[in-house]
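# Results of the structural survey
One letter stands for each residue in the lines below.
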Amino acid sequence: MAITFNKYMMILAATAATAGVSNAGRVSPGTLLEGVRVVDAELMKRGPEMTAAYRLDLSGLRLGSNQRVTLTPWLVGETDSVALPSVVVNGRNAAIKYERDRSLQREGAQAIRLSKDAETLWSGEAAVAYEPWMELCRLSLHEDVCGCGDPQGEATMPFGPEFDNRPAPEVVVTYLQPVVEATKARAEEGSAYVDYKVNQTNILPDYRNNRAEIRKITSTIDLVKNDPLVSITEINIHGYASPEGAYTANAKLAEGRAASLKNYVKSLYTLSDRLFTSSSTPEDWAGLKAMVEKSTLADKAGILEVIGSDLAPDAKDAALKSRFPQSYQVMLTEMYPALRHSDYTVKYVVRPLTIEETVEVMKVSPKNASLQEMFLVAQTYEPGSEEFDEAMSIAVRTYPSDPVANLNAGVTALRNGDLDGAERYLAKAGDTGEAQQARGLLALKRGDFDTAELLLQAAKAAGVADADTNLSILARARQLAIQNR
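Description of the structure in this document.

So, on to the nonpolar core. With 63 residues, the main nonpolar core has I217, I221 and L261 as its most contacted residues. For I217, the residues in contact, after removing those within four places along its chain, are A192, I237, L261, V265 and Y344. L75, V82, V87 and L114 belong to the second-largest nonpolar core, a separate cluster that totals 34 residues.

A few words now on the side chain of T72. Secondary-structure assignment places T72 in strand β3 (residues 68–77). At a separation of 2.6 Å, a polar atom in the side chain of T72 contacts the side chain of S86. Discounting chain neighbours no more than four positions away, the residues touching T72 are A83, L84, S86, R106, S140, L141 and H142.

What the rule picks out here adds up to four aromatic pairs. Between Y54 and F159, the aromatic rings sit 5.9 Å apart at their centres with planes inclined by 90°, giving edge-to-face as the arrangement. Note that Y54 is positioned in strand β2 (residues 49–57) and F159 in strand β9 (residues 156–164), a separation of 105 residues in sequence. Its relative accessible area of 2% is what places Y54 among the buried residues. Positioned over the ring face of Y130 is K45, at 5.0 Å from the centre of the ring. In this structure, K316 is placed above the aromatic ring of W285, and the distance from its NZ or CZ to the ring centre is 5.3 Å.

So, about unusual backbone geometry. Of note, N199 is a non-glycine position whose phi angle comes to about 65°, a positive value. Structurally, the position occupied by N199 is in the loop between β10 (184–192) and α3 (210–225). Even without a glycine there, the phi angle at R208 is positive, about 50°. Assignment of secondary structure puts R208 in the loop between β10 and α3. For R208, a relative accessible area of 64% corresponds to the exposed category.

Moving on, we come to the sheet that holds strand β7 (residues 121–129). Across the sheet, three strands lie side by side as β1-β2-β7; this open sheet has antiparallel pairing. Edge positions in the sheet fall to β1 (37–46) and β7, since each has one partner strand and no second. In this sheet, neighbouring strand axes are inclined to one another by 10° on average, regardless of whether the strands run parallel or antiparallel. Where β2 lies against β7, nine bridges are found, and the strand directions are antiparallel. Of the residues in β7, the one forming a bridge with L56 is W122.

Summed over the entire model, instances satisfying the criterion amount to 21 salt bridges. Notably, a salt bridge pairs E360 with K363, separated by 3.4 Å at the nearest N-O pair. Placement of the pair is E360 and K363 together in helix α9 (residues 355–364), with a separation of three residues, close to one helical turn. Put simply, D468 and K460 hold a salt bridge, and the shortest N to O gap is 3.1 Å. Counted as one network, the salt bridges with shared partners bring together D164, R166 and R476.

With that settled, the discussion passes to the sheet that holds strand β11 (residues 230–240). An order of β10-β13-β11-β12 is seen for the four strands of this open sheet, with the pairing classed as mixed. What marks the edges here is a single partner per strand, and that holds for β10 and β12 (276–281). Here the strands of the sheet are splayed against their neighbours by 20° on average, with no regard to which way each runs. Two elements, β11 and β12, share six bridges in a ladder whose sense is parallel. When the sheet's bridge partners are listed, I237 is paired in β12 with S278. Lying on the sheet, helix α4 (residues 247–267) is in contact with β11, β12 and β13 (342–350); it crosses β12 at an angle near 160°.

This part takes up empty space enclosed by the protein. On inspection of all chains with the given rule, the structure shows two cavities of 30 Å³ or more. The space that makes up the largest cavity amounts to roughly 50 Å³. In this structure, the largest cavity is lined by P178, L371, M374, F375, M392, A395, V404, A405 and N408. Of all the elements in the fold, those that place two or more residues in the lining of the largest cavity are α10 (371–378), α11 (386–398) and α12 (403–415). Classifying every residue of the lining of the largest cavity gives eight nonpolar, one polar and no charged.

Thresholds, definitions, all that
Residues numbered from 1 in each chain as written. Predicted model: local features only at pLDDT ≥ 70, side-chain atom pairs only at ≥ 80, totals over all residues. Heavy atoms only, no water. Core = buried A, V, L, I, M, F, W, Y, C linked by side-chain atoms within 4.5 Å. Buried < 20%, exposed > 50% of the residue type's maximum accessible area, 1.4 Å probe, protein only. Contact = heavy atoms within 4.5 Å. Helix = DSSP H or I, 4+ residues; strand = E, 2+ residues; numbered from the N terminus. Polar contact = N/O pair within 3.5 Å; in protein donor to acceptor, adjacent residues only side chain to side chain. Phe/Tyr/Trp six-rings, centres within 6.5 Å; stacked < 30°, edge-to-face > 60°. Lys NZ or Arg CZ within 6 Å of the ring centre and 35° of its normal. Pairing = 2+ DSSP bridges. Axes fitted to C-alpha atoms, helices over the stretch in contact; angles between N-to-C directions. Salt bridge = Lys/Arg side-chain N within 4 Å of Asp/Glu carboxyl O. 1 Å grid on protein atoms, 1.4 Å probe; cavity = no way out; pocket = protein on both sides within 12 Å on 5 of 7 lines; lining within 4 Å. Points joined across faces, edges and corners; volume = space filled by probe spheres on them. Nonpolar A, V, L, I, M, F, W, Y, C, P; charged D, E, K, R; others polar.

Okay, here's the thing in structure tokens:
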């Protein structure tokens with residue numbers, strides 16, 4: 001059990017700020033400690049133990065032949081202390097008496113006979129169980145000339161560097177505010193599979209499943225039209241035909257069917273005619289390629305080669321039909337019908353939102369809020385709070401490719417200790433100084449100090465204000481890693 005002595009602690013407290021004291025210049029004149037020179041001293045934490053190692057040059061001690069002094073290193077903290085093994089230094093006659101009288105000998109102490117020819121360099125080593133109070137401590141040498149073992153009233157000398165095992169300060173993270181989005185242009189998209197009779201373009205609402213397919217388009221329009229925060233700028237119908245048959249005929253069918261569907265949808269609303277547009281692609285070869293790639297067709301590689309060739313559309317279809325007749329029948333019945341579709345796009349703009357509006361929009365339709373608006377919402381919460389983190393999470397889910405969204409999400413993950421998550425986000429955070437700093441802090445937290453220093457120096461060169469502070473924290477982390485290795 002460590003022992004605390006009030007006066008002893010008061011003396012040491014007065015000298016605790018002088019890390020690296022290495023001689024007896026801090027002791028009162030006239031004490032024997034004036035003759036002790038510290039060669040080197042070190043305190044290290046080794047797993048569950050605190051280890052002390054030191055070498056003291058005792059050649060400057062001035063002892064009479066009958067004199068004896070016991071020097072005891074103490075490990076002293078702010079609230080507690082513990083004595084380490086002592087060295088008993090004897091004059092000539094005192095040494096003889098010490099060797100003969102076992103009652104004078106101290107358990108665990110080393111004895112040195114002081115003479116001109118004797119070795120006067122004392123090397124001491126000790127290990128004690130590490131305790132919380134040792135987080136901030138140092139070595140102090142106590143002089144006992146009376147032999148009573150009581151440190152009160154005797155001289156003490158702090159020596160060696162201070163041991164500071166307090167955790168490094170938390171790194172300083174930097175969030176970036178996104179730029180204002182001048183015009184928040186958005187779009188809702190989908191595909192409808194409206195059926196037409198062979199070679200016809202007119203809409204038959206009750207034909208097959210047409211009502212349900214047309215409802216996909218009108219439901220999307222209604223969703224946007226009924227939102228008071230937005231204004232529709234365009235409703236486009238884009239028609240596709242499948243590759244079988246003549247290309248010129250398919251071009252007319254795709255164009256005519258897109259225009260017919262556009263006009264039918266337009267007739268259901270009182271919106272301006274100028275909002276409605278149509279366009280077409282005669283044959284959906286891209287869609288066919290995607291379907292074949294996902295298929296298990298026996299001729300898959302050959303079919304994809306033909307689709308990707310420079311053949312004219314009609315020649316491609318003929319080649320598929322002649323070279324892969326069985327697979328062609330499968331495509332004709334299972335794939336081609338799905339290539340006759342009408343894609344619809346409802347374009348609109350969202351007006352600028354207040355903080356309160358953004359909070360609600362983030363719950364139901366987050367893409368209608370800009371990244372900058374989401375950031376402003378996050379700023380209304382305490383960093384580290386559940387609400388703050390959720391706002392950053394919604395932002396990066398809504399804008400998964402945006403460097404600023406990924407940087408802010410990465411910094412949030414870093415602050416929360418989610419290093420793997422931070423790495424995923426920061427990989428898409430761009431190359432700004434702030435991104436370099438965040439990657440440097442990730443390396444620091446993983447113990448890769450060399451990489452951390454390179455990245456933090458790059459951030460500093462880029463003008464990041466917190467880089468200097470984080471470089472200081474890095475230096476402290478290096479020191480802790482060394483003294484706790």
